[in-house]
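The chain contents come next:
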There are 2 protein chains.
Amino acid sequence: MKTTISGCPIEDAMRLLSGRWRTLLVYYLIDGKKRFAQLRRDNPKISHRILTHELRALESAGVITRTVIPGKIAHVEYELTEAGHKLVPLINALGDWYEDLQRRRQAEAPQLTAS
Amino acid sequence: MKTTISGCPIEDAMRLLSGRWRTLLVYYLIDGKKRFAQLRRDNPKISHRILTHELRALESAGVITRTVIPGKIAHVEYELTEAGHKLVPLINALGDWYEDLQRRRQAEAPQLTAS
DNA sequence: TGTAAATTACGAACAATTATGTGACTGCCC
DNA sequence: GGGCAGTCACATAATTGTTCGTAATTTACA
């Protein structure tokens, strides 16, 4: 999903947030600054290449900031911007919505197993 | 994004809604039932195959219903479920958030063009 | 004290997996 | 002959992952 088709901001928002990792990364940054390696530990399944790529995408969109801490070894800190923090309740709401959806599905189809 | 990794409902919600079309289709169903061909007219860039596929995915997730209208020619109506309607304000909020993000970006970087 | 190994944050080349699209075709009706 | 709602086989585009290498510094251990 590289290109925009509808010009609708909803499509743009989804273009930014689609994919497996971006919302999860935002989620893991809720409690404050984290370093690259810490984010890898948070979700061990992500490859470093993808992590780099996804973080850069979020950075260039203005959702997070990337700060290189000068000194001894290279240290990089990632942190939500104000806009990033505003996103948090929205993705939480999506998670809640999904859980509610699942509950409905289970309640609506009891005849599948019961007689 | 076929598989789940984190088990987090946020990831599940994104797995359901990721991609170019799904949120747009929900959006176009806000004002009520629509038929297949009507949805194609709403967004002419979607291919019929993908439209079918995306609608089926939303249906099997419980976001929309698919109703075949019996009679003469094949007629199919798609409509948001109650859960689908609950999703609407969330994706609208995402659109608003994105617009706000864009405004910030423009306000934050005036030095790029000004002296 | 010296050397090997690990950590940190990547970049480049390549490979696999998913998503999306095209064109041809169907059966039905007016 | 054209609209409706698809299906099927195929093709391309986009996303996501794997492997290898880098440069610096810190720790492990003999």
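Residues numbered from 1 in each chain as written. Chains lettered and ligands numbered in written order. Predicted model: local features only at pLDDT ≥ 70, side-chain atom pairs only at ≥ 80, totals over all residues. Heavy atoms only, no water.

An unreviewed UniProt entry annotates chain A as Helix-turn-helix transcriptional regulator originating from Steroidobacter gossypii.

(A) Representation of the packing of aromatic side chains in the model. Residues and elements named next belong to chain A. Taken as a whole and judged by the stated rule, the model has two aromatic pairs over all chains. Here the aromatic rings of Tyr27 and Tyr28 are separated by 6.0 Å at their centres, their planes lie at 80°, and the arrangement is edge-to-face. Judged by its relative accessible area of 23%, Tyr28 is partly exposed. A cation sits over an aromatic face here: Arg20 above Trp21, 5.8 Å from the ring centre. (Phe/Tyr/Trp six-rings, centres within 6.5 Å; stacked < 30°, edge-to-face > 60°. Buried < 20%, exposed > 50% of the residue type's maximum accessible area, 1.4 Å probe, protein only. Lys NZ or Arg CZ within 6 Å of the ring centre and 35° of its normal.)

(B) Just the relation of the copies chain B and chain A, in detail. Superposition record for chain B on chain A: RMSD 0.1 Å, screw rotation 180°, translation along axis 0.0 Å. Here the transformation between the copies is reduced to the relation of a two-fold axis. Minimal C-alpha separation from the rotation axis in chain B is found for Ser18(B), amounting to 2.4 Å. (Least-squares fit on C-alpha atoms with pLDDT ≥ 70 in both.)

(C) Inspection of the protein's contact with DNA strand D at higher detail. Taken together, 25 residues form the shell around DNA strand D, and within it Met1(A), Arg49(A), Arg56(B), Arg66(B) and Tyr78(B) come nearest. Within 4 Å of the protein, the atoms of DNA strand D are drawn from sugar and phosphate moieties in a proportion of 64%. Elements with a minimum of two residues in the surface near DNA strand D: helix H4 (48–61) of chain A together with helix H3 (36–42), helix H4 (48–61) and strand S3 (75–80) of chain B. Here the residues of the surface near DNA strand D are counted per class, giving 10 nonpolar, six polar and nine charged. (Near = heavy atom within 4 Å. Helix = DSSP H or I, 4+ residues; strand = E, 2+ residues; numbered from the N terminus. Nonpolar A, V, L, I, M, F, W, Y, C, P; charged D, E, K, R; others polar.)

(D) Inspection of the sheet that holds S3(B) at higher detail. Residue and element names in this part refer to chain B. Spatial strand order, S1-S3-S2: three strands in an open sheet with antiparallel pairing. Edge positions in the sheet fall to strand S1 (34–35) and strand S2 (64–69), since each of these pairs with one other strand and no more. Across two bridges, the pairing between S1 and S3 is antiparallel. Opposite Lys34, over in S3, you have Tyr78 as the bridge partner. Docked against the sheet, H4 engages S2 and S3, running at close to 115° with respect to S2. (Pairing = 2+ DSSP bridges. Contact = heavy atoms within 4.5 Å. Axes fitted to C-alpha atoms, helices over the stretch in contact; angles between N-to-C directions.)

(E) Structural context of the layout of surface pockets. Looking at the largest pocket, its volume works out to about 520 Å³. As for the largest pocket, its lining consists of 15 residues, and the residues nearest its centre are Ser18(A), Gly19(A), Met1(B), Ser18(B) and Gly19(B). Looking at which element gives the most residues to the lining of the largest pocket, the answer is H4(B), with three residues. Space inside the second largest pocket adds up to approximately 180 Å³. In terms of lining residues, the second largest pocket is bounded by 12 residues, among which Arg104(A), Arg105(A), Glu108(A), Gly62(B) and Thr81(B) are the most central. Secondary-structure elements contributing two or more residues to the lining of the second largest pocket are helix H5 (82–108) of chain A together with S2 and helix H5 (82–108) of chain B. It is H5(A) that contributes the most residues to the lining of the second largest pocket, four residues altogether. The residue makeup of the lining of the second largest pocket, split by class, is four nonpolar, three polar and five charged. (1 Å grid on protein atoms, 1.4 Å probe; cavity = no way out; pocket = protein on both sides within 12 Å on 5 of 7 lines; lining within 4 Å. Points joined across faces, edges and corners; volume = space filled by probe spheres on them.)

(F) How the structure looks around the packing of H5(A) against H5(B). Two numbers describe how H5(A) lies on H5(B): the axes approach to 10 Å, and their chain directions differ by 170°. Relative to H5(B), the element H5(A) lies roughly antiparallel. From H5(A), Glu82(A), Ala83(A), Lys86(A), Leu87(A), Leu90(A), Ala93(A), Leu94(A), Trp97(A), Asp100(A), Leu101(A) and Arg104(A) reach across to H5(B), where they touch Glu82(B), Ala83(B), Lys86(B), Leu87(B), Leu90(B), Ala93(B), Leu94(B), Trp97(B), Asp100(B), Leu101(B) and Arg104(B). When its residues are assigned to classes, the contact of H5(A) with H5(B) shows 14 nonpolar, no polar and eight charged. (Parallel < 35°, antiparallel > 145°, perpendicular 65-115°, else oblique.)

(G) Main features of the interface of chain B and chain A. Listed per partner, the contact involves 45 residues of chain B and 44 residues of chain A. Of the roughly 3900 Å² buried where chain B meets chain A, counting both sides, 72% is carbon and sulfur surface. The largest per-residue losses of area from chain B upon contact with chain A belong to Ile10(B), Arg20(B) and Trp97(B), which jointly make up 19% of the total buried on that side. Remark: the boundary between chain B and chain A carries six salt bridges. Broken down by element, the residue count for the side of chain B that touches chain A peaks at 17 residues, all from H5(B). Considered class by class, the residues forming the side of chain B that touches chain A number 23 nonpolar, 10 polar and 12 charged. (Buried area = accessible area lost by both parts, 1.4 Å probe. Salt bridge = Lys/Arg side-chain N within 4 Å of Asp/Glu carboxyl O.)

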